[in-house]
Every structure is written in C-alpha cells, then in structure tokens.
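# Descriptive structure summary
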Amino acid sequence: MVLVVLGVVLHAVYMLSIFDIYFKTPIVHGMDPVPPRFVGPAKRLVLLVADGLRADKFYEPDSNGNYRAPFLRSVIKNQGRWGVSHARPPTESRPGHVALIAGFYEDPSAVTKGWKANPVEFDSVFNQSRHTISFGSPDIVPIFCGALPHSTWNTYPHEFEDFATDASFLDEWSFDQLQSLFNRSNQDPKIKELLLQDNLVIFLHLLGCDSNGHAHRPFSSIYLNNVKVVDHIAERVYSLLEGYYKDNRTAYIFTADHGMSDKGSHGDGHPTNTDTPLVVWGAGVRYPKPVSNTNHSDHVFRFVDEHAHDMPTPAEWGLDGIERVDVNQADITPLMSSLLGLPCPVNSVGNLPLEYINMNEADKVEAVLANTKQILNQFLQKSYIKQSNSLYFKHFKPLAQYSSILDRIENLISIGDYEAALKLSENLRSLALQGLHYFQTYDWLMLMSVITLGYIGWMVCLVLHVLQSYTSLPGHILKMEPAFSHRNNSGKVYLCGCLLMGVICIVLILEHSPPLYHAYIAMTVFLWTRILSEYKFILSLWRHLRGRKFNYIVQLLSISIVSIFILELLVHSFTKRELYTWCFLITGVVACFYLFNTIPKRSGIPIFVFVACWFLSVFTLMPAEIPDNNQLVIVSGAMIIIIGAFARWLDLHSERNKYWLSICCHELKKSRFPMLFHLQALLVGLASVMVSLSTSHRTENKELHGVHQLINWSIAGFSLVLPLFSENGLLSRLTSIFLGFAPAFLLLSIGYEAVFYGALALVLVSWILFENSLLHFSTDRKSSLHMRNKEEHNLENDSRDLQLSDVRIPLVFMVLFNVAFFGTGNFASIASFEISSVYRFITIFSPFLMAALLIFKLFIPFVLVICAFSAITKLLRVPRLGLYFLVILLSDVMTIHFFFLVRNKGSWMEIGNSISHFGIMSAQVVFVLLLLAVTNIYTKDIQIRSTSPSSRKAR
C-alpha cells in the first residue's frame, strides 16, 4: 500500500509538470516602450475586423461571376495593398484579436483559465493610442477597452447573438454606433475634440460572418451575403471619415481574426481557418504594384500556420496581376503602430511588413529598428530575470554582442547606408525572436529530464517490487547465494540521497524556483535513492541473469519488444481508433490457430474466439459521433438476453468438457435464488421495452413521462444489486454481472454502443476461455511436476508466483481497457458523447446529474473488463496486486510517450486532447485501483473449481 500511495502522489505531482513546461506564459513585464524616431504618416487609423471571414469567400466571385466585395476590390486595384493574413491556431476569436491588436499569439497559460481569458495583463495598440473608439461584440471589445481609461466603447447585449437569425444586423449595429458618434460631435464639442485628436484608433468588430458561418455554414447564401454587408460597411466608414476629416491622414485596415471551415466551425490549422483577407489603404500605405518576376529573398519563409511563402494566387480571385503580400497575423500590430508613429506594444512579436508602408528610406529603417528594439527589450528582460535567479546562467550566444550590433546599425544610419542598416536590423530582430524562444524553453531540458528520470525510476521500483514480492526469484537467488540477505544495509544510501536532495533544494531556493520544482526533483531523487538502496538485490539479479541460458535472455528480450510494440500501438490508437480493428482481426486469427494446435480434442472454443474478436473489430470503424437508432438498442437487448442464456446453458451442461470445468459451478454453492437468471433477463427485456416507450413518448409530447422516468430509474438501480445474489462460479457470476449492468447501459444508449456492450462481453469470455485452455494445457504437460511440488500449489486459494509469460495478462488487459475507452467514442472528451443519452432518466437541465449519468455509462464497459481481469487472476491463481503493478508499469510506458506529445500549439481541441491523453494515462494508477476496489464487491467470492489431478482422483 505504501507503493500505491507513492504512485498516486508521484503521478499527481508529475501531471502538474506540463503546466510548468508547456503552458508557461511568454509575457514579461518591466520593458519600456520604444518611441519611434519618425513622424507617423497617419493621424488616425481604422481597424475593421470581420470575425470569421474566409479569404477565399472574400476574394472569389459568386456564381454569377460578380465579386462580393466590389468596394474593397477597387481599393486593392487603385488605392492600397492586399494579401492574406495567416492566423496561428487556435483560430478562435480572442487569440485572433490579441494577435491583431497586441501582436502576440495565444498565451498557453490561458489553459489554466479554460481558454476564457488571458491570465496575464498585456500591452496593445489601443493602450499606446491617445484615444480608442470601439464598437462590437461583448466578448471581444471589453478585452481591450474594459480597463482602458482613454477609450469610448459600447457593445450589444449577448441576447442579440441569436443563431436562428441573420446575424448581419450585428455589423450594422456597430456601424450605426460609429455614425451616431460622429453625428453627435456636431453638437457636442467634447466629442468633436476627441475625434480631432492625433493617434486616434477606431475599431469595429463585425461578428456577422462568424455567427452566420456557425449557424448556416460558409457556403450558405446568408454567409455569402454577409460578405457584401461588411464590404458595404467598409465603404460607408471610408466615406464617413473622409467626408468628416478631409485631410487624407486616415489609414484603414480590413481583415479577419480567423476563417471558417466547411462544417461551420473553426479552431484548427486548416487553411480555411487560418487564411484571412487583408486590405490596407490610406495615409502612409503604398499603392498597388504590378506583379514582379523577381524572386523573393525569403522564399523559404513559412508562416505561423505552416503554409509556405509565395503561395500561388487562385486564378478565380482575379488578382493575378497585382502584387500580393502575405503576413503573419501578429505583423499587423507593428504595421498599425508604424502608420500612427506610436511605440509598438511591448509584448508584440510581430515583424513590420515593409511592403505595406509608404515611407522614405530613412523612416523605413527607423520603423524597423524601433520594431527590433521592442522585441530585443523583451529578450533582454527575460534574460535579466533568468540570470538574476540562476547560479549558473547560460547566455544566448548569438546575441552576446547585441549592443555592438545596435551601434553598427546606428553608424550605418548616420552615414546614410539605409539598405545595410535595414538588413542588419532585420537580422537582429530575427535573432531576438529566437532568443525569446530560447528563454521560453530555458528550463525544458532540466524539467523534462527530471520528469523522465522520475518515471523511469518509478517503473524500476515497480519491477523490483514485483520481482521481490510476487515471483520465486528471491528464493532462487537465496539458494544460489546463501550469503544473500534480502535486507540491505541501505542507511548510507538514504543518507546520501537526503544530502543530495538537501543540496538541490538549497540551490532551487537560491534560484527562486517555483515550489513544484522542489517536488519534481525531490520525488525523482527519492525514487532513485530507493532503487540504489536495493543494490544487493540488483547485483544478485544481474548475476542470476548472466547465469541463465541464452534462450531465456532471447525470450525476455522478445517479450519486451512485443510489449513495447503493443503499447506504442495503443498510444497511436488514441488518435486512430481504426488500429483496434486490425488488432482484433489479427488477434482473432492468431488465437484461433493457436488454440486449434493447443487443444487436443475437438472444441468450438477456437471458432468462438475468432468470431468474437472479428465482431468487436467492427466498432472502431464506426463514427465516434453515435447516430440515433432506437431499433438497434432494442435489438441489442434481445442479443444480450441470448448471450446470457447461452452462457447459462454452458454453465449447466458442460461438466464433461475439462476446458469449461473450472469456470462452471456444478458442485459449488448454489444460489438461494434459483430464478435469479430469469429475473435478470426479464429486466433486460423490460429495459428494451422502456427504451421504445420513453423515446416515443418524449418525441411526441416533448417531455419525459413521470411514470416512465420512475420505472427506468427503478430498473437500472435494482438490476445492479442482483449479481450479488448469483452463484459464485466464475461463469455464472460474470454472466450475472453482464446482465446486471445491461439494463442501465441500454437505457443510456442511443445507437450502436448497445451492440458494443454485447460484443465486448463476448471478447472478455474469449479471453477467459483462452487463459483457461492455456492453464489446462500447461497442467496436463506438467502434472508430474505439480504432484512433486504439491505443497506449493495444492491449496485452492493460494496464489502461485508470477512467471515471465504472465506479462500477457496485463498486456491484454491494457488493450481491452483502452477499447473500453475508445470503442464507442473519445473518452478524452466527454463532450464527444451525446447528452441525449440521459434523456430517459432526466430531461430538465441539471449539469451535475447529467454528467454523472454520462460518466456512469462510460464506466460500465470498464467494469466488465475489470471483472474479467479479476476472474482471470482467480482462475490462474496469480496475485491480483502483482498484476495491477504490471498494468501500472505498462501504462507508464505510454504515459512517458504522451508526456512528450503534449501540445501548446494548435486548436484548443488539439491542445486539450493532448493534455487529456496524458492525464488519462497518469490517472490510471488511481482509476484502475478504484475500479478494482468497486468491482471486488462483485468478484470477491468467486470460487474456482480445482482441476488438479489429485482433486480429480478424489472425485
């Protein structure tokens, strides 16, 4: 139990490590803004963001050959520059706007806030402006203006965001607010004074395309018409401001925060989500330029969405003759700052796109240099923070002489060599960005090494514990080495471990390291101290292995390689469920042929195993989103009863077949309830009837009938208790458990998962039959040896020692346990399961009860697998706790793999799934143990009929 507690603590602590490694905020504070040494060409800037607008739907013509954005196309051809802005996943509204306005990408530490808000304060173009005017969505505008004193803003109520309507009126609302403000300025001197200020930013958030894309898909007429609406709004904003100011000192930027997939969603890195339109015109913006055949010097550059530079412009866009300049989304931030002559936001990592700005060479260099210094300041601040807290600090060598590079740039500017100064500034900026990444990942090597060593140390501890406590190895070593003492004189080892831990903790304290750093290292040092304390046993084990025959070493290596291969297959199955199909197809064939050659007499067991495996292989080819099919659920109820009846018949009529003998209950204690099987079958049938009645009544009357609800709850609850009163033979108890959980599972099923329940049960019975056949085959072969060692194996309830071949049991368990995870969905996200599954128990919204019912449904297949696992340990008389430790050992091999697969880039779903995969494997040390404890209520009194030769003679 000490080892179990240690495992729980270790996995809980190490699970937190991913937040210190992968999800640490890149934002630092303490930098001063870098004031540009040039006058911005624009006095004000308008930022129009069409939320959810795809680049292709914006640029391409409609079915009649007419372009949807005639005004902005005329701007592209006559007044400004254009391109595609590449967003970095997660392509969501908040991170997209943060990239546009603040210049940095999604803060990964936002995962701790459920992606709802940025957890760290940051600078933005709005902060640097003299005044900001903003109108739009209540989800976006307050992020930037809510705490900004020099801002005027307003949002519509959340109730306006109704997916059932055409959401383009939200865009009109934003424009109407701006127009009203300008109209009121004619009567209000304060508003007029505000509007006439320099460095004014106007931001309109246009949500219509996003809402209409979600509700109607981006190919719908409503979405495509919304493109025309935002183009018309851009035209009216331009006319309004040009008519109001009449000074040609306004710059305009039209873009989008993200696109929209064909399914009406966004978030991942697909081009339909990352590619957004960008049109820039007005004061300080270059005019259109014909396409040049000159190759770009940065042709190998890739954007943050991993799309190559200079992607060909689709011919249907009709813009082949005009130069296209693509940018990263964060590059728009320094573009806005440079047009206004403002300091770039201090947290920005964007690169100023020079192709968009119309400045003289001196001002261009100054703009790039200001952009470079701002990024360099972040690097220097991170370097200072890390150096001030490190006893041994490793510099970022490429920027060791950054001050001399700055001096050279200043010298080149002073002599008028602007081209060389520009190139040197851009190189320095690139190095500063590399330096930011260097310090963002500065502790990665240390932390990942500590965590990996910790997991390896934990697995070595498990191996040593299993070898010492559950195998005959200590006895063999004692016979070979009489001087060997199991009790090691390990006091000196623990003393050295404590001293090492103390020294490391003092170093971490001096470096002001987070408290969890102490926990990671302390846990790892403790584990390896524990391992080294067993040095005598390890040395004896090494001598024992060296003394074994070569065939044994080959067998050990072969089992290790096969085990790792299967575990890697399981790792990939988390994203590719189809692998289970191949796994069970191959297993069915191999097991069938093996049993044909093993079982000497004619038997239907090989065929049964083959059919069961192939039947289960079908389900992982089916969609994870289960379609409704009540008829299939009802048919599944009949199938479950047939399976139960067949198992009952075998239990009563197979006493002459020695391959069934030990799992049946002929001479064991009979149940006090001889009609129990019939009652359970009746409840399964009644549950099937209630599936039909409850669903049809709810569909017709839009509500769940109270009587139906009461009956459903009663059937599900009562059936769970009945297995406790069944016979205590292995097959009869497992059959009762199978029938006992079936009504609840049927009532929570909406489609093919009800059939999966029966298919999984057939494979579990196949596993038991396979193990039982192996047991009898080995018993017949070694009957004389068993008679000679009767004192070791004769007691019916004694556990035998684990053998190398027993590794197959936890391996098969891991496969079946993961099939229970992913057989009918993606357990990594409960959202992938239909909430309609609970509608036969409750329809009134109750999140906790509904979630509890969903989780209970997901746990039922695990209960079957654990019960079969427990039954096999009793059948083979192997120690269940020893096999549990082997299960944890194997699962931690997968845990290490998932540790390195955690992602902090990509869609929120991809990031969340990578975390949940790691979390699921880390939690198995507790999860499996809890299920073993719960199912022990059902399996603890299972009795196995002895089939040893002596017992058969006595009979």
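Values in this document were obtained by computation on a predicted structure and should not be read as measured data. (Residues numbered from 1 in each chain as written. Predicted model: local features only at pLDDT ≥ 70, side-chain atom pairs only at ≥ 80, totals over all residues. Heavy atoms only, no water.)

### Details of the side chain of Thr-255
Put simply, the test is: Secondary structure elements follow DSSP: runs of H or I no shorter than four residues count as helices, runs of E no shorter than two count as strands, and numbering proceeds from the N terminus. Remark: exposure states derive from per-residue accessible area (1.4 Å probe, protein chains only) relative to the maximum for the residue type, with buried under 20%, exposed over 50%, and partly exposed in between. Contacts described as polar in this section are N or O atom pairs within 3.5 Å, which, within protein, must combine one atom able to donate a hydrogen with one able to accept it, while residues neighboring in sequence count only if both atoms come from side chains. It only takes one pair of heavy atoms within 4.5 Å for two residues to be counted as in contact.
Looking at the element boundaries, Thr-255 is found in strand β6 (residues 250-255). The class of Thr-255 is buried, set by a relative accessible area of 0%. Polar contacts involving the side chain of Thr-255 include one to the main-chain carbonyl oxygen of Pro-277, which spans 2.8 Å. When near neighbours in sequence (up to four residues on either side) are disregarded, Thr-255 contacts Leu-47, Leu-48, Val-49, Ala-50, Ser-85, Leu-100, Thr-276, Pro-277, Leu-278 and Ile-332.

### Re the packing of helix α14 (residues 402-414) against helix α15 (residues 418-440)
Our working definition: Between the N-to-C directions of two axes lies an angle of 0 to 180 degrees, each axis being a line fitted to C-alpha atoms and, for a helix, fitted only over the stretch in contact. Relative orientations are named as follows: roughly parallel for angles under 35 degrees, roughly antiparallel for angles over 145 degrees, roughly perpendicular for angles from 65 to 115 degrees, and oblique for any other angle. Should the near helix be turned anticlockwise from the far one by less than a right angle, the crossing is left-handed, and should it be turned clockwise, the crossing is right-handed.
It is at 8 Å that the axes of α14 and α15 come closest, and there the two elements cross at 155 degrees. As the angle between them shows, α14 and α15 are arranged roughly antiparallel. In this structure, α14 crosses over α15, and the sense of that crossing is left-handed. Touching Ile-405, Leu-406, Arg-408, Ile-409, Leu-412 and Ile-413 of α14 are Tyr-418, Ala-420, Ala-421, Leu-424, Ser-425 and Leu-428, all from α15.

### Structural notes on empty space enclosed by the protein
Defined as follows: Within this scheme a cavity is a closed region of a 1 Å grid, computed over the protein atoms alone, that accommodates a 1.4 Å probe without allowing it to escape, whereas a pocket is open but has protein on both sides within 12 Å along at least five of seven lines; lining residues each have an atom within 4 Å of a point. Grid points are joined across faces, edges and corners, and a volume is the space filled by probe spheres set on the points.
For the coordinates displayed, the defined rule picks out five cavities of 30 Å³ or more. There is about 130 Å³ of room inside the largest cavity. Lining the largest cavity are 15 residues; nearest its centre among them are Arg-648, Phe-677, Glu-727, Ser-732 and Ser-736. Mapped onto the lining of the largest cavity, the elements with two or more residues apiece are α24 (630-653), α26 (676-701) and α28 (730-747).

### A closer look at the environment of Tyr-517
When you line up the elements, Tyr-517 lands in helix α19 (residues 515-532). Assessed through its relative accessible area of 2%, Tyr-517 is described here as buried. In this structure the C-alpha to C-alpha distance between Tyr-517 and Val-13, which are 504 residues apart in sequence, comes to 10.0 Å. The residues touching Tyr-517, leaving out its near neighbours within four places in the chain, are Asp-20, Lys-24, Asp-443, Met-446, Leu-447 and Leu-508. Side-chain polar atoms of Tyr-517 contact the side chain of Asp-443, separated by 3.3 Å.

### Here we look at the packing of aromatic side chains
Heads up, the condition is: Centres within 6.5 Å are what make two rings of Phe, Tyr or Trp a pair, Trp counting through its six-membered ring; a difference in plane orientation under 30 degrees is then read as stacked, over 60 as edge-to-face, and the rest as tilted.
A full pass over the atoms with the stated rule returns 55 aromatic pairs. Taking the centre distance of 5.9 Å and the plane angle of 5 degrees together, the rings of Phe-393 and Phe-439 count as stacked. Of the two residues, Phe-393 is situated in the loop between α13 (361-388) and α14 and Phe-439 in helix α15; the sequence distance between them amounts to 46 residues. Pair check on accessibility: Phe-393 and Phe-439 agree, each one buried.

### Looking at unusual backbone geometry
With an omega of 5 degrees, the peptide bond running from Pro-89 to Pro-90 counts as cis. Its place among the elements puts Pro-90 in the loop between β2 (81-86) and α4 (93-102). The residue Lys-246 is not glycine, and still its phi comes out positive at about 55 degrees. Within the fold, Lys-246 resides in the loop between α10 (221-245) and β6.

### Here we look at α10
The line we're drawing: To estimate the expected span of a helix, count its residues, drop one, and scale the result by 1.5 Å.
Across its 25 residues, α10 extends 36 Å between first and last C-alpha, which sits within 8% of the 36 Å expected from 1.5 Å per residue. Once α10 finishes, Lys-246 follows within two positions and takes phi at roughly 55 degrees, a positive value.

Coordinates in, geometry out; function isn't part of it.
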